[in-house]
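# Coordinate analysis (summary)
Spelled out from the first residue to the last, the chains are:
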Amino acid sequence: MNAQCLGFDTSNYTTSAAVFGGGTAENRGRLLTVPEGALGLRQSDALFQHVKRLHLMVEELRAGGVIEEIAAVGASTRPREVEGSYMPCFLVGEGEGRALAAALGVPFYPCSHQQGHVAAAAWSAGREDLLDRPHLAWHLSGGTTELLRVEPDGHTVRAEVIGGTSDIAAGQLVDRAGVLLGLPFPAGKALDALYPEAEVAGLFRVKLNDLTFSLSGMENKVKELAERGESPANIARFTIDTIMNVLLRATEEAQKRWPGLPVLCSGGVASNRQIRTAMKRACGAVFAQPQYSTDNALGVAILAHRALEREANR
């Protein structure tokens, strides 16, 4: 089915719109503006920026000649597919998506931000088949570090949290380390660039409790290194290697409990080169293409397209 579907994702970091038409896909996204030295945005500020920018993403898609006849509209409406999951910033994508669908007379399909991440990762890795079979998945972002057991659920997926952090997310640790070093927010790309310049290799072995771990103590470790005058590159490598080590151990333990299940990785932290290389080698993990690891609307459009196909085949 080659009908085009339009997807919106208005997360706490990126405004994005995407078109998916079966084999072809286009995403347009723009990071929200965060004041220098800040560690994020208030929801009211994020929402305001989305209101001003979402139409620009659609206009870019139209100017690029990739929008034809839209058969359905989708939007992420909440962070995760669980009761009580809510963030005001998603109201922008949902509101504009529902209004556009009503104006066009086409279906509107909601999903969660996390479901969109999984769909974008699977498709961009050439493994859309994972959306139709059980698998393990990491959602590694600025606000989420969760190990999931994923199962198909109609046109989308149902995810059960089986592990991850008990406090701050891996992306939060990366960003806090970056801001401490005077790097721009979000700091993932900057730390990734510093990593090869490190002269000393070292890590802190985070305790793994079942499949859960805490990263809050790592922030103090990073501050101690900075106060001792450690180089930014060494601090960057220490931070990334520590995160990578605990992710590997948690993944390997999960694979023992659920043997044979493939591992899919999504989220901004999953675009880190060192983490990708290590987890591919040790766990056979499948990763989204880097441009679809960070927040984007492509997965939302993919799930809307799958919903449309399902309705057509009934």
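Residues numbered from 1 in each chain as written. Predicted model: local features only at pLDDT ≥ 70, side-chain atom pairs only at ≥ 80, totals over all residues. Heavy atoms only, no water.

### A look at the overall build of the protein
To be explicit about the condition: Per the convention used, a helix needs a DSSP run of H or I reaching at least four residues, while a strand needs a run of E reaching at least two, with both numbered from the N terminus. C-alpha atoms define the radius of gyration, and 2.2 Å times the number of residues to the power 0.38 defines the globule rule. To sort residues, take the accessible area from a 1.4 Å probe on protein chains only and compare it with the maximum for the residue type: under 20% means buried, over 50% means exposed, and anything in between is partly exposed. Residue contacts are defined here by distance: any two heavy atoms, one from each residue, within 4.5 Å place the two residues in contact.
Helix and strand content of the protein: nine helices and twelve strands. Relative to the 2.2 N^0.38 estimate, which gives 20 Å for 314 residues, the radius of gyration of the protein is 19 Å and therefore close to what a compact globule would have. A burial count over the protein gives 54% of its 314 residues as buried. Partitioning the contacts of the protein with sequence separation of at least 6, the portion at a separation of at least 24 is 69%.

### Thoughts on the side chain of S85
With respect to the secondary-structure elements, S85 resides in the loop between β4 (70-78) and α2 (90-104). A relative accessible area of 17% places S85 in the buried class.

### A word on the packing of aromatic side chains
Quick reminder of the rule: For this analysis, a ring pair means two rings from Phe, Tyr or Trp (six-membered ring only for Trp) whose centres lie within 6.5 Å, classed as stacked if their planes differ by under 30 degrees, edge-to-face if by over 60, and tilted for the remaining angles.
Scanning all chains against the criterion turns up four aromatic pairs. Ring geometry for F20 and W123: centres 5.6 Å apart, planes at 90 degrees, overall edge-to-face. On the criterion of sequence distance, the pair formed by F20 in strand β2 (residues 14-20) and W123 in helix α3 (residues 113-124) is long-range, its members being 103 residues apart. On the numbers, 6.4 Å between centres and 50 degrees between planes, the contact of W138 with F213 is tilted. Here F213 lies in strand β10 (residues 212-213) and W138 lies in strand β6 (residues 135-140), a separation of 75 residues in the sequence. Take W138 and F213: they sit in the same class, and that class is buried.

### What about helix α1 (residues 43-63)?
Owing to its 3.6 residues per turn, the α-helix brings residues three or four apart onto one side. For clarity, the threshold we go by: For a helix, the expected span equals 1.5 Å multiplied by the number of residues minus one. The bend reported for a residue corresponds to the angle between axes fitted to the seven residues ending at that residue and the seven starting there.
Relative to the 30 Å expected for 21 residues at 1.5 Å per residue, α1 spans 30 Å between its end C-alpha atoms, a close match to the ideal helical length. The axis of α1 is deflected most strongly, by about 35 degrees, at K52. For α1, every residue scored as buried is listed here: A46, Q49, H50, R53, L54, M57 and L61. G65, located one to two residues past α1, shows a positive phi value of around 75 degrees.

### Examining the nonpolar core
Our working rule: In plain words, nonpolar cores are sets of buried Ala, Val, Leu, Ile, Met, Phe, Trp, Tyr and Cys residues tied together by side-chain atoms within 4.5 Å.
Judged by nonpolar contacts, the single largest core of 43 residues is most densely connected at W138, F213, L247, C265, I275 and M279. Going through the elements one at a time, β6, α4 (170-180), α5 (188-194), α6 (216-227), α7 (232-257), β11 (263-266) and α8 (273-283) are the ones with two or more residues in this core. In terms of residues, this core owes the most to one element, α7, which gives eleven residues. By size, the runner-up hydrophobic cluster in this structure holds 24 residues, among which are F20, L148, V300 and A301.

### Considerations on the pairing of β4
Working note: regular strand, side chains alternate between the two faces of the sheet. Applied cut-off: Two strands are said to pair when DSSP picks up at least two bridges between them.
Burial of β4 is extensive: eight of the nine residues sit out of reach of the surface. For strand β1 (residues 4-10) and β4, the ladder comprises five bridges, and the chain directions are parallel. Following the sheet pairing, G7 is matched in β4 by G74. For β4 and strand β5 (residues 108-112), the ladder comprises five bridges, and the chain directions are parallel.

### Here we look at the environment of V66
With respect to the element layout, V66 can be found in the loop between α1 and β4. For V66, a relative accessible area of 17% puts it in the buried group. Separated by 45 residues in the primary sequence, V66 and G21 place their C-alpha atoms 9.8 Å from one another. Apart from residues no more than four positions distant in its own chain, V66 is found in contact with Q4, V19, E26 and L61.

### What to know about the pattern of salt bridges
Two side chains bearing opposite charge may form a pair once their charged atoms approach each other closely. Spelled out, the test is: Note on definitions: salt bridges are taken to be side-chain nitrogens of Lys or Arg within 4 Å of carboxyl oxygens of Asp or Glu.
What the rule picks out here adds up to 18 salt bridges. Where D45 meets R42, a salt bridge forms, and the shortest distance between an N and an O atom there is 3.2 Å. A relative accessible area of 30% means that D45 is categorised as partly exposed. Classification of R42 by relative accessible area gives exposed; the value is 59%. In this structure, E151 engages R158 in a salt bridge whose closest nitrogen and oxygen atoms are separated by 2.9 Å. Residue classification places E151 among the partly exposed residues on the basis of a relative accessible area of 24%.

### Comments concerning unusual backbone geometry
Backbone phi values are negative for most residues with the exception of glycine, while trans is the configuration of most peptide bonds. That bond from F185 to P186 is cis: its omega, -5 degrees, falls within 30 degrees of zero. Phi angles above zero are rare outside glycine, and D210 is one such case at about 60 degrees. You can see D210 is positioned in the loop between β9 (208-209) and β10.

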